[in-house]
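One letter stands for each residue in the lines below.
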Amino acid sequence: MEEVLKKVLVEEAESMFNVLYENVEQEGKVVTKEFQEGLKVYEKSKEKNKEILLKKIFDGYKSNEKTKKEVEELLNNYKESIYIENGYYIKHYYIQGIKDGMILLANAFKKE
């Protein structure tokens, strides 16, 4: 039974888990306000490091405002790509957690 359940959860129900995740995410239950509050420390650290990096770069381009803006935009784009990647990880681990929980539940009720 466990192998059948694993097969269903892994192979045949992937779209169901994606729908479940999308629904929970839209309701704000994946990235909660508490989670966002906890991220503020890391966001401050990233911003501080960004400012230090920009200062070092800008020291070399004191008179070139266009290059300064381009560098800052590139750093912002890089940061955004990291956020998108983190979202992918969150979704993956959330769905895997649901699968693992269902397997544990099935194992708890299976007859020996």
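For every chain, the first residue of its written sequence is number 1, and the numbers climb from 1 along that sequence. It should be noted that, the model being predicted, local features are given only for residues of pLDDT at least 70 and side-chain atom pairs only at 80 or more, the latter also being counted only at that level, while totals for whole chains, interfaces and linings use all residues. Side-chain descriptors were evaluated using all non-hydrogen atoms of the structure, hydrogens and water having been removed beforehand.

**Q** Kindly report on the overall build of the protein chain, identifying the contributing residues and their values.
**A** Secondary structure is summarised from DSSP: a helix means a run of H or I of at least four residues, a strand means a run of E of at least two, and numbering begins at the N terminus for each. Across its full length, the protein chain holds 4 helices and 0 strands. Helices and strands in the protein chain line up, N terminus first, as α-α-α-α. Think of it in three bands: residues with accessible area under 20% of the maximum for their type are buried, residues over 50% are exposed, and the middle band is partly exposed, with areas taken using a 1.4 Å probe on protein chains only. Expressed as a percentage of the 112 residues in the protein chain, the buried residues total 16%. Contacts are assigned to residue pairs with any non-hydrogen atoms lying within 4.5 Å of each other. Sequence separation of 24 or more characterises 71% of the internal contacts of the protein chain that already satisfy a separation of 6 or more. Only the protein chains shown count as covering a residue, and every accessible area follows the Shrake-Rupley method with a 1.4 Å probe. Split by element, the accessible area of the protein chain, about 9200 Å² in all, is 59% carbon and sulfur.

**Q** Run through the packing of aromatic side chains, naming residues and quoting values.
**A** Centre distance within 6.5 Å is the pairing criterion for rings of Phe, Tyr and Trp, where only the six-membered ring of Trp is used; planes under 30 degrees apart are then read as stacked, over 60 as edge-to-face, and the remainder as tilted. Using the criterion set out here, one finds 2 aromatic pairs in the structure. Judged by centre distance (6.4 Å) and plane angle (70°), the rings of Tyr88 and Tyr89 are edge-to-face. What makes Tyr88 exposed here is its relative accessible area of 59%. Relative accessible area serves as the criterion here: at 37%, Tyr89 is assigned to the partly exposed category. Seen from their ring centres, Tyr89 and Tyr93 are 6.1 Å apart, and the 15° between their planes marks the pair as stacked. Taken together, the positions of Tyr89 and Tyr93, both in helix α4 (residues 65-109) and 4 residues apart, correspond to about one turn of that helix. Look at Tyr93 and you get exposed, because its relative accessible area is 54%. Of the aromatic side chains, those joined through ring pairs into one cluster are Tyr88, Tyr89 and Tyr93.

**Q** Summarise the nonpolar core; cite the residues concerned and give the values.
**A** Counting 5 residues, the largest nonpolar core is built from Phe17, Tyr21, Val24, Val30 and Ile95. Per-element accounting of this core gives the leading share, 3 residues, to helix α2 (residues 14-26). Setting aside chain neighbours within four positions, we find Val30 in contact with Tyr21, Val24, Glu25, Ile90 and Tyr94. Definition of nonpolar core: a set of buried residues of the types Ala, Val, Leu, Ile, Met, Phe, Trp, Tyr and Cys, connected through side-chain atoms within 4.5 Å.

**Q** Run through a nonpolar patch on the surface, naming residues and quoting values.
**A** A grouping of Val31, Phe35, Leu39, Val41 and Tyr42 is seen on the molecular surface, where their side chains present a nonpolar patch of about 470 Å² in accessible area. Of note, Val31 is situated in the loop between α2 and α3 (33-59). The partly exposed category is assigned to Val31, whose relative accessible area is 32%. Exposure above 30% relative accessible area and no salt bridge define the residues that can form patches, which grow by joining like charges within 9 Å and nonpolar side chains of Val, Leu, Ile, Met, Phe, Trp and Tyr within 5 Å. Here a salt bridge means any side-chain nitrogen of Lys or Arg lying within 4 Å of a carboxyl oxygen belonging to Asp or Glu.

**Q** Run through α3, naming residues and quoting values.
**A** For α3, which comprises 27 residues, the first-to-last C-alpha distance of 38 Å matches the rise-based estimate of 39 Å (1.5 Å per residue) to within 8%. What we call the bend at a residue is the angle made by axes fitted to the seven residues finishing there and the seven residues starting there. Bending of α3 peaks at approximately 35° at the position of Lys40. The complete set of buried residues in α3 reads Lys50, Leu54 and Phe58. The elements touched by buried residues of α3 are α4. Multiplying 1.5 Å by the residue count of a helix minus one yields the expected span of that helix.

**Q** Provide a residue-level description of the environment of Lys99, including the pertinent values.
**A** Among the structural elements, Lys99 can be located in helix α4. Along the primary structure Lys99 and Phe17 are separated by 82 residues, whereas in three dimensions their C-alpha atoms are 8.3 Å apart.

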